[in-house]
Amino acid sequence: MTSTPIETRPFRSEELGTLVLLAWTGETPDGDLPYLLAYCLGDAADGPEASSAAVRKLLEDNGLTVGGDVVDGNDEPGLTVGLLVEAGDAVVSLPSLVARCAAPPNWLAAVAERGYAHLVFTTRPWPEAVPGKPVRADVLAAFIGAEETLKAAAHVVLPAHSPDA
């Protein structure tokens, strides 16, 4: 009987291409719900498929399942994904990656009230949503609401921490 060795490679962030983090709120009957969307532009040297595969590897290496159930970080003490809210920014950290974005005031208020944000970290590239350019609410809703985006994502409820805590 023969076996094929499994290749284990360290994560290399350049394989992602450009990674973007975007904060927004969604209205619910009991107030605004803070969301974070993490996605790549698909601009890795080896193309969009390589970017998507690198995001999937990053998520799986950190114990997150793409297309799986929502992981509640409040119930997962060993979760390797964290959320820090500092100086008006949302900072999502993993052992091999840190992503930061400016958060709008309503997002900051919703996080302060609820104590968490819902992270949608998708393997689906979104090359049209370039950093520094505003994303219209209807365009964001179409991308994030697409079945293709949601099924290609890990979903995590991240407890929010601050440098003061």
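Residues numbered from 1 in each chain as written. Predicted model: local features only at pLDDT ≥ 70, side-chain atom pairs only at ≥ 80, totals over all residues. Heavy atoms only, no water.

Peer 1: Any details on the overall build of the protein? Residues and values, ideally.
Peer 2: Tallying secondary structure elements over the protein gives four helices and eight strands in all. Walking the protein from its N terminus toward its C terminus, one meets helices and strands in the order β-β-α-β-β-β-β-α-β-α-α-β. Against the 2.2 N^0.38 benchmark of 15 Å for 165 residues, the protein shows a C-alpha radius of gyration of 16 Å, consistent with a compact globule. Once the C-alpha set of the protein is aligned to its principal axes, its extents read approximately 60 × 35 × 30 Å. In the protein, the proportion of contacts linking residues at least 24 apart, taken out of those at least 6 apart, comes to 67%. Carbon and sulfur atoms make up 53% of the accessible area of the protein, which amounts to about 9,100 Å² in all. When the 10 positive and 23 negative side-chain charges of the protein are each reduced to one mean point, those points stand 6 Å apart. (Helix = DSSP H or I, 4+ residues; strand = E, 2+ residues; numbered from the N terminus. Rg over C-alpha atoms; globule rule 2.2 N^0.38 Å. Contact = heavy atoms within 4.5 Å. Areas by Shrake-Rupley, 256 points an atom, 1.4 Å probe, with all protein chains shown as cover. Lys, Arg positive; Asp, Glu negative; His and termini not counted. Charge placed at Lys NZ, Arg CZ, Asp CG, Glu CD.)

Peer 1: Hey, could you go over the nonpolar core for me, with residue numbers and the actual values?
Peer 2: The biggest cluster of nonpolar side chains holds 31 residues, and the ones touching the most others in it are Leu21, Leu36, Leu83, Val92, Trp107, Leu119 and Phe121. It is helix H1 (residues 48–61) that contributes the most residues to this core, four residues altogether. Not counting the four nearest positions on each side in its chain, Trp107 is found in contact with Ala23, Trp24, Thr25, Pro34, Tyr35, Leu36, Leu83, Val85, Ala90 and Ala117. Among the nonpolar cores identified, the runner-up in size contains 13 residues, and Trp24, Val120, Ile144 and Ala153 belong to it. (Core = buried A, V, L, I, M, F, W, Y, C linked by side-chain atoms within 4.5 Å. Buried < 20%, exposed > 50% of the residue type's maximum accessible area, 1.4 Å probe, protein only.)

Peer 1: Can you tell me about the pairing of strand E2 (residues 31–40), naming the residues and giving the values?
Peer 2: Across the ten residues that make up E2, a large majority, seven, are buried. Judged from the ten bridges that link them, strand E1 (residues 19–28) and E2 form a sheet pairing that is antiparallel. Each bridged residue has a counterpart across the sheet, and for Thr28 the counterpart in E2 is Gly31. In sequence, E1 turns back onto E2 through a hairpin of two residues. Pairing between E2 and strand E7 (residues 116–122): four bridges, direction parallel. When the bridges of E7 are listed, Leu36 appears paired with Leu119. (Pairing = 2+ DSSP bridges.)

Peer 1: Before we move on, can you summarise the pairing of E7 with the specific residues and values?
Peer 2: Of all the seven residues making up E7, six are buried; the element is thus mostly covered by neighbouring parts of the structure. Relative to strand E8 (residues 153–161), E7 runs antiparallel, the two being bridged by seven bridges. Residue Ala117 lies in a different strand from E8, and its bridge partner there is Leu158.

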